[in-house]
Amino acid sequence: MEEQVEERSDSHINTSLLIQSLQNEEIDIFRNEFLDMHPYDQASFFKDLDEDIRAKIYLYLSPEEMAALFENLEIEEEDYKDVLAEMNPHYAADMLSEMYADDAVDVLNELDKDQVVSYLTIMDDESAKEIKDLLHYEEYTAGSIMTTEFVSLSANQTVRSAMYILKNEAPRAETIYYVYVVDDEKKLIGVISLRDLIVSDDDTMISEITNDRVVSVSVGEDQEEVARKIKDYNFLAVPVVDFQNHLLGIITVDDVMDVMEEEASDDYSKLAAVSDMDHIDRNPVSAARKRLPWLIILLFLGMLTASLIGRFEATLDKVAILAVFIPLIAGMAGNTGTQALAVAVRGIATGDLEKENKWKLVLREAGTGLINGGICGILVTFIVYFWKGNFFLGVLVGVSILFTLIVATLAGALIPLFMHRMKIDPAVASGPFITTINDLISILIYFGMATLFMSYLTG
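How each quantity is defined
Residues numbered from 1 in each chain as written. Predicted model: local features only at pLDDT ≥ 70, side-chain atom pairs only at ≥ 80, totals over all residues. Heavy atoms only, no water. Phe/Tyr/Trp six-rings, centres within 6.5 Å; stacked < 30°, edge-to-face > 60°. Helix = DSSP H or I, 4+ residues; strand = E, 2+ residues; numbered from the N terminus. Buried < 20%, exposed > 50% of the residue type's maximum accessible area, 1.4 Å probe, protein only. Lys NZ or Arg CZ within 6 Å of the ring centre and 35° of its normal. Pairing = 2+ DSSP bridges. Axes fitted to C-alpha atoms, helices over the stretch in contact; angles between N-to-C directions. Polar contact = N/O pair within 3.5 Å; in protein donor to acceptor, adjacent residues only side chain to side chain. Contact = heavy atoms within 4.5 Å. UniProt positions renumbered as here; feature names shortened; annotations may be inferred. Left-handed = near helix turned anticlockwise from the far one by under 90°. Nonpolar A, V, L, I, M, F, W, Y, C, P; charged D, E, K, R; others polar. Arc of directions from axis to C-beta.

*Asks:* What exactly am I supposed to notice about the packing of aromatic side chains here?
*Replies:* What describes a pair of aromatic rings is the distance from one ring centre to the other and the angle between the planes of the rings. For the coordinates displayed, the defined rule picks out 13 aromatic pairs. When the ring of Phe46 is compared with that of Tyr58, the centres are 6.1 Å apart and the planes differ by 55°; the resulting orientation is tilted. Highlighted residues: Phe46 in helix H3 (residues 39-47) and Tyr58 in helix H4 (residues 51-60), separated in sequence by 12 residues. Each member of the pair, Phe46 as well as Tyr58, carries the same accessibility label: buried. Here the aromatic cluster, defined as three or more aromatic residues joined through ring pairs, consists of Phe30, Phe34, Phe45 and Tyr60. Its end group placed over the ring of Phe46, Arg54 keeps NZ or CZ at 5.2 Å from the ring centre.

Structure below.
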């Protein structure tokens, strides 16, 4: 996480002056104005330019200056390939070398393997090795999002020597607020805050001010668990270790914010039964291709519902009024199931369910379904009675809603818990799936009861 010191962030960027200086090849004017901007503002200006204008920026900025811009560039993942293709390969490789290693890895992960190999070959050996090491870690793990640009100290040195190391290494470190202490085998043994270093006497030994109760994460730990840990402990960074407790890297809070956004987008898209919602498809054919498989699956599930209604055709022939309440009961089942699903998925995603007995959630949701079903059932019983003048019809619809809401609430809670137990992403138990499944359940309950009490309805 780069520390910015009083950099000007002007929301009213003088884009006309910048573009004019680029077109007129006024290098000094452009550089003075552009480099005075915050890197985020630089990136915002850059991404809206045409390719021919951007080509001049590559001539006017050094790879190091371009790296700061690129780390703040917010574009579609597949667009990184196009932007890098605009640059001279050696310029692009130098820029990637100047970026923080974890950010460079994020960019390279979007490229073809032959392109990655090409850039790594051109890079200087030190940067290439650092990036290669990170590329080997499995995606969505702590290793894939950590950075190796951090400051570590030995326990057997003084604060004076530690401050000297810190001043030399700080420019390349992502953060210096936490300094990690390692032994001779590079194993993590503690952590020191920058504040403790500053206020300690120069001759104090590092071992004397080291906090040995350091919280770390395993290199293979899921990135979502890492994000949760940083959130729970309110850390700015967390160290990453291997199974022997060797310090491999750190994960900073800005990387965790990206993970949380990515995971939230992923879960929301699954809840909506849409793939890759974080990608905005400008091509309707591409968007349709991504959504169609889900819709076809839901179509067949819907056909099952229609087939189930067909099996009760004789019941509908005798009491046609039953058809009026099918949308009501199915809709109530879908709504209450989706509510329970949202509670369960959120509890799993935030880790709250790890801290309590999962059966408590199931019992709580069952009780919620019973209360909501009872109130809605009684209410609809009287509404149907006064509307249609048939008390038994009202009781049938009311009791059906009671049992439907209980079962639908339980299904909404149990299905994601079961999927989580089976190591399947519970967000896959999306709203449309729960709704369709609960449609089947509600129709079965409604017409099953109608068939059983047919004599009261036709009498």
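Here the narrative resumes, following the displayed structure.
*Asks:* Explanation requested: the sheet that holds strand E3 (residues 188-193) in the structure shown.
*Replies:* Backbone hydrogen bonds are what pair the strands of a sheet, in a parallel or an antiparallel way. Strand order across the open sheet formed by 3 strands is E1-E2-E3, with mixed pairing between neighbours. The open sheet is flanked by strand E1 (152-154) and E3, the only strands paired with a single partner. Looking at each pair of strands side by side, their axes are set apart by 35° on average, direction ignored. Summarising the sheet, strand E2 (residues 178-182) and E3 pair through 5 bridges and their orientation is antiparallel. For Tyr178, the partnering residue across the bridge sits in E3 and is Ser193.

*Asks:* Explanation requested: the side chain of Asp242 in the structure shown.
*Replies:* Within the secondary structure, Asp242 sits in the loop between strand E5 (237-241) and strand E6 (247-252). A polar contact is formed between the side chain of Asp242 and the backbone nitrogen of Gln244, at a distance of 3.0 Å. In this structure the side chain of Asp242 is engaged in a polar contact, spanning 2.8 Å, whose partner is the backbone nitrogen of His246. Each residue touching Asp242, except ones within four places of it in the same chain, is listed here: Val219 and Leu248.

*Asks:* How should the environment of Gly143 be read in this particular structure?
*Replies:* When you line up the elements, Gly143 lands in helix H11 (residues 142-145). Sequence separation of Gly143 and Asp242 is 99 residues, and the distance between their C-alpha atoms is 9.5 Å. The residues touching Gly143, leaving out its near neighbours within four places in the chain, are Leu134, Tyr137 and Val219.

*Asks:* How do you make sense of the side chain of Thr409 when you look at a structure like this?
*Replies:* Position of Thr409 relative to the elements: it lies in helix H21 (residues 391-421). For Thr409, a relative accessible area of 2% corresponds to the buried category. Here Thr336 takes part through its side chain, which lies 3.0 Å from a polar atom of the side chain of Thr409. Residues within four places of Thr409 in sequence aside, it is in contact with Thr336, Ala340, Glu365 and Gly369.

*Asks:* In this structure, what is going on with the UniProt feature "transmembrane region" (unreviewed entry) in the protein chain? I would like to understand it.
*Replies:* Mapped onto the present numbering, the UniProt feature "transmembrane region" (unreviewed entry) falls on residues 292-309, 321-345, 366-387, 393-419 and 440-458. Annotation note: span residues 321-345, helix share 80%, strand share 0%, distance between end C-alpha atoms 38 Å. With 100% helix and 0% strand, the stretch residues 366-387 has end C-alpha atoms that lie 30 Å from each other.

*Asks:* Can you walk me through the packing of helix H8 (residues 101-108) against helix H10 (residues 125-135) in this structure?
*Replies:* When two helices pack together, their arrangement is given by the angle between their axes and by how far apart the axes lie. Their axes nearest at 9 Å, the elements H8 and H10 cross at an angle of 65°. As H8 runs across H10, the sense of the crossing is right-handed. The residues of H10 that touch H8, namely those facing Ala101, Asp102, Ala104, Val105 and Leu108, are Glu130, Ile131, Leu134 and Leu135. The class makeup of the residues in the contact of H8 with H10 is 7 nonpolar, no polar and 2 charged.

*Asks:* What am I meant to see in helix H9 (residues 113-122) here?
*Replies:* Residue pairs three or four apart in sequence face the same way in an α-helix, which turns once every 3.6 residues. Here H9 has its buried residues at Val116, Tyr119 and Leu120. Projection of H9 onto a plane perpendicular to its axis shows the buried side chains occupying an angular sector of 100°, all on one side. Exposed and oriented more than 90 degrees from the buried face of H9 are Asp114, Val117 and Thr121. Where H9 is buried, its residues meet helix H6 (79-86), helix H7 (89-98), H8 and H10.

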